[in-house]
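# Residue-level structural notes
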Amino acid sequence: MDTEALALIARIESAFAGVTLGGGIGLAESVALDYHEAFEDRATARLRDEKMDWHKLIDDPELTRKGFTGGPIFMDAEGLRFYLPAYLITAIKDPTDLEDPVLRAFAHSDRFDHVYSVLVTSSIHGIERFLMLSTEQRVVVGDAILYIARVFELDYPEMQNAIDSFWHSTQ
């Protein structure tokens, strides 16, 4: 990992230090929600969720499992705040040593796509899920999106709009 990635990870760790899941929806519970499980089953699933240390979630295969079952789209504001640093750090870490930038971006996209739609499209149309983020947290999320897009040569036009209108906005 380059020094810019390490510095960005340090900023994410600092901005999200001490954040816990609280009463938020975690990953296992989000899968139960996606499957429309009964309240009792959701409660059972919630028991499996990490609640105190989001660092334990970095590089967890469940975080980026294929199929897009559950995950950020089903999380509430507290759940997103807890899981965001793990998603971002996992995405920033280069998943492959491939030299070809197209292959690198493809391999990388599995790590970023799970949270991309929530960070980019939801930040434009559903910002209430992010209102509990501090300014420091919001800015570092925007910086992480920019870093990921640049390093992995991702060309998503809506990214810059989300950065300008929400993540780096002074409002």
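Refer to the structure presented above.
Residues numbered from 1 in each chain as written. Predicted model: local features only at pLDDT ≥ 70, side-chain atom pairs only at ≥ 80, totals over all residues. Heavy atoms only, no water.

Orientation of helix H6 (residues 135-151) relative to helix H7 (residues 157-167), taken along the N-to-C sense of each, is 165°, at an axis distance of 10 Å. When the axes of H6 and H7 are compared, the pair comes out roughly antiparallel. Between H6 and H7 the crossing geometry is left-handed. Contacts from Arg138, Val139, Val141, Gly142, Ile145, Leu146 and Ala149 of H6 reach H7 at Met159, Gln160, Ile163, Phe166 and Trp167. The class makeup of the residues in the contact of H6 with H7 is nine nonpolar, two polar and one charged. (Axes fitted to C-alpha atoms, helices over the stretch in contact; angles between N-to-C directions. Helix = DSSP H or I, 4+ residues; strand = E, 2+ residues; numbered from the N terminus. Parallel < 35°, antiparallel > 145°, perpendicular 65-115°, else oblique. Left-handed = near helix turned anticlockwise from the far one by under 90°. Contact = heavy atoms within 4.5 Å. Nonpolar A, V, L, I, M, F, W, Y, C, P; charged D, E, K, R; others polar.)

Counting residues in each nonpolar core, the largest one holds 45 residues, and the members touching the most others are Ile12, Phe16, Tyr83, Ile92, Leu119, Phe130 and Trp167. Mapped onto this core, the elements with two or more residues apiece are helix H1 (3-15), helix H4 (77-92), helix H5 (101-125), H6 and H7. For Ile92, the residues in contact, after removing those within four places along its chain, are Ala5, Leu8, Ile9, Ile12, Ala144, Tyr147, Ile148 and Phe152. (Core = buried A, V, L, I, M, F, W, Y, C linked by side-chain atoms within 4.5 Å. Buried < 20%, exposed > 50% of the residue type's maximum accessible area, 1.4 Å probe, protein only.)

All right, on to helix H2 (residues 27-34) then. Burial runs high along H2: six of the eight residues are buried. Buried within H2 are the following residues: Leu27, Ala28, Glu29, Ser30, Val31 and Ala32. Where H2 is buried, its residues contact helix H3 (39-48) and H4. Two residues or fewer after H2 comes His36, characterised by a positive phi angle close to 55°.

Structurally, the position occupied by Ala10 is in helix H1. Taking the C-alpha atoms as reference, Ala10 lies 9.5 Å from Ile89; in sequence the two are 79 residues apart.

A separate point is the pattern of salt bridges. Think of it this way: side chains of opposite charge can pair up when their charged atoms draw near. Within the structure shown, the criterion is met by five salt bridges. The closest approach of N and O atoms between Arg150 and Glu4, which form a salt bridge, is 2.5 Å. Pair noted here: Arg150 is in helix H6 and Glu4 is in helix H1, with a separation of 146 residues, a long-range link. The class for Arg150 is partly exposed, based on a relative accessible area of 48%. (Salt bridge = Lys/Arg side-chain N within 4 Å of Asp/Glu carboxyl O.)

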